[in-house]
Amino acid sequence: MLRKNIKGLTALLTVLLLLMPVCAFAAVANVKPPVTAAETKEKWVLSLGTDYKNAPSIPALYGDYLYVMSGKKIYKINKSSGETVKTGDMSGRPTYAYIPVTVAQGKVFCPIGDGGIEAFDADTLTKLWSVTDPLGGQAMTPIAYENGKIFTGFWNSDTDDANFDCVDASSGKILWSLKRKGGYYWSECAFYGNYAIIGGEDGVDAQDGDNFVYSVRISDGSVAGSLNIQGDMRSGITNVGNTLYMVTKAAKLYKTSIDSSGNFGTLYSTNLAGYSTSTPTIYGGKIYIGMAGGGKNEGYVGIFDASSLTSTAQVKVQGFPQSEILVASGYDSPVAYTTYNNGPGGVVAITKIIGISICPLCNSLKKLPVIDNIFRHCQGFLLPLRHQCKIHNRYATT
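Residues numbered from 1 in each chain as written. Predicted model: local features only at pLDDT ≥ 70, side-chain atom pairs only at ≥ 80, totals over all residues. Heavy atoms only, no water.

Looking at the side chain of Thr 95
Basically, it comes down to this: Secondary structure elements follow DSSP: runs of H or I of four or more residues count as helices, runs of E of two or more count as strands, with numbering from the N terminus. Each residue's exposure class comes from its accessible area (1.4 Å probe, protein chains only) as a fraction of the maximum for that residue type: buried when under 20%, exposed when over 50%, partly exposed otherwise. Any pair of nitrogen or oxygen atoms within 3.5 Å is treated as a polar contact; in protein, a donor-acceptor pairing is required on top of that, and neighbouring residues in sequence qualify only through side-chain atoms on both sides. Contacts are assigned to residue pairs with any non-hydrogen atoms lying within 4.5 Å of each other.
Here Thr 95 lies in the loop between β7 (84-89) and β8 (102-104). With a relative accessible area of 9%, Thr 95 lands in the buried category. Only 3.0 Å separates the side chain of Thr 95 from the backbone nitrogen of Ala 139, close enough to count as a polar contact. Filtering out sequence-adjacent residues up to four positions away, Thr 95 remains in contact with Gly 113, Gln 138, Ala 139 and Met 140.

The structure is reproduced here in structure tokens:
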């Protein structure tokens, strides 16, 4: 069920230098973002929308521009100045602004409510095509791109059917659909060879019911392999080669493998301190995820050994980190960044397993910014964060 009662219904999601398909290193960057509040500064502020119904979506960074949805508009924004350089008209609104657009093939793919997807030219924001899934639903799953096709799912309720669609990126034609009881909510797929690996809801009102993950042939949508797990999967699947990592709302961290025929290998799991909606980030032989805490508004960043799944660190933060953890590898030792779901909200940098609050600004809900500057939106505002001191020209105030 959509958490409509979370203050501000704001969100913070992944910004990539070039928005790419899901991969093991989607949330790892060889950069040096700020690590303390003293060296963090707003660069510019842009007001878009007034409430959760038309708040700016998670920004996607492609080249020198940000692409953001707000209400029924899509905006192309200069990342350096904050100036809006182009706008386009969508036929609907994004679902609570949780999900960013995806940019690939010179096109911007927009998830909109009631089962809709629309494509725009990335340069001119001219609309190219529009398609609607026959089962409809909230557009709550990030759009993944692979070899001329886009992949996304929809959500109607915990127990109603919804589809996961493979769509031709050039024409907008739905090539195949995978129907699931409970649908797909934040369930970004992964790819290995000729297969898409797809998780989703467990189809019951409880969040810890019996569930499954499919490997699906990209060519025709037929199922090649099935894997039994426990709990709603409200996060993406991360793969390192043919090794897969995933978490569920049953407070489980899973690891398995997939072969060239789409068959899954042995499934390994470990229990978490709390349930997770955090797509695993893998770096340096470690897994980084966010976890719910035992009390109201409590949360942790958990770090696990990627081979054995044993816990190596657990850092308490100011709220539940429902985001994908960003790991910056540009320093001598990795620095982990996360948002947390608790007022007034903010971004936390974790250095050498010491938590430092660097930007308490407003509530945040799903994922976080990556690379270059840190971008976020809150209560109708979009703002990048930058280094205040001159550490490196790429991040320096000029």
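Now that the structure is up, let's keep going.
Some details on the sheet that holds strand β23 (residues 268-271)
As a reminder of what qualifies: Should DSSP find at least two bridges between two strands, the strands are regarded as paired. Comment: axis = line fitted to C-alpha atoms, over the contacting stretch for helices; angle = value between 0 and 180 degrees taken between N-to-C directions.
With antiparallel pairing, the four strands of this open sheet are ordered in space as β20-β21-β22-β23. Every other strand in the sheet has two partners, leaving β20 (238-240) and β23 as the edge strands with one partner each. The average undirected angle you get between the axes of adjacent strands in this sheet is 20°. Of the strand pairs in this sheet, strand β21 (residues 243-248) and strand β22 (residues 252-257) are connected by six bridges, and their pairing is antiparallel. Counterpart to Leu 244 in the pairing with β22 is Thr 256.

What to know about the environment of Ser 329
In this structure, Ser 329 sits in the loop between β28 (326-328) and β29 (335-339). With 300 residues separating them along the chain, Ser 329 and Ala 29 place their C-alpha atoms 5.9 Å apart. Other than its neighbours up to four places away in sequence, Ser 329 contacts Val 28, Ala 29, Asn 30, Val 31 and Tyr 283.

Structural notes on the pairing of strand β19 (residues 223-230)
Both strand β18 (residues 210-217) and β19 contribute to a ladder of seven bridges, which runs antiparallel. Its bridge partner lying in β19, Asn 211 is registered against Ile 229. Where β18 folds back onto β19 in an antiparallel hairpin, the turn is made up of five residues, including Gly 221, whose phi is positive at roughly 80°.

Comments concerning the packing of aromatic side chains
Quick reminder of the rule: Each pair of aromatic rings taken from Phe, Tyr and Trp, with Trp reduced to its six-membered ring, is defined by centres within 6.5 Å and is described as stacked if the planes are under 30 degrees apart, edge-to-face if over 60, and tilted in the remaining cases. Either the NZ atom of lysine or the CZ atom of arginine qualifies as a charge over a ring when it sits within 6 Å of the ring centre and within 35 degrees of the ring normal.
Per the stated rule, a full pass over the model turns up ten aromatic pairs. Here a set of aromatic residues connected by ring pairs shows up, and it is made of Tyr 96, Tyr 98, Trp 155, Tyr 185 and Trp 186. In this arrangement the basic side chain of Lys 76 is found over the ring face of Tyr 65, its NZ or CZ atom lying 4.4 Å from the centre. Just above the ring of Phe 212 sits the side chain of Arg 180; from NZ or CZ to the centre is 4.1 Å.

Examining the layout of surface pockets
Defined as follows: Here a cavity denotes grid points, spaced 1 Å and computed from the protein atoms alone, that fit a 1.4 Å probe unable to get out, and a pocket denotes an open set having protein on both sides within 12 Å along at least 5 of 7 lines; residues with an atom within 4 Å of a point are the lining. Grid points are joined across faces, edges and corners, and a volume is the space filled by probe spheres set on the points. Classification used: nonpolar for Ala, Val, Leu, Ile, Met, Phe, Trp, Tyr, Cys and Pro, charged for Asp, Glu, Lys and Arg, polar for all others including Gly.
Counted as a void, the second largest pocket has a volume near 220 Å³. Together, Tyr 52, Lys 53, Gly 92, Arg 93, Pro 94, Thr 95, Tyr 96, Gly 113, Asp 114, Gly 137 and Gln 138 line the second largest pocket. Grouping the constituent residues of the lining of the second largest pocket by class yields three nonpolar, five polar and three charged.

Structural notes on unusual backbone geometry
Residues other than glycine seldom take positive phi values, yet Tyr 96 does so here, at roughly 55°. The topology assignment puts Tyr 96 in the loop between β7 and β8. Look at Ala 97: it is not a glycine, yet its phi comes out positive at around 60°. Of note, Ala 97 is situated in the loop between β7 and β8. Ala 97 sits in the buried class, given a relative accessible area of 4%.

Focus on the environment of Gly 182
The residue Gly 182 is located in the loop between β15 (174-181) and β16 (190-192) in this model. Residue Gly 182 is classed as buried on the basis of its relative accessible area of 0%. For Gly 182, the contacting residues outside a window of four places in its chain are Trp 155, Ser 157, Asp 158, Thr 159, Asp 160, Asp 161, Glu 201 and Gly 203.

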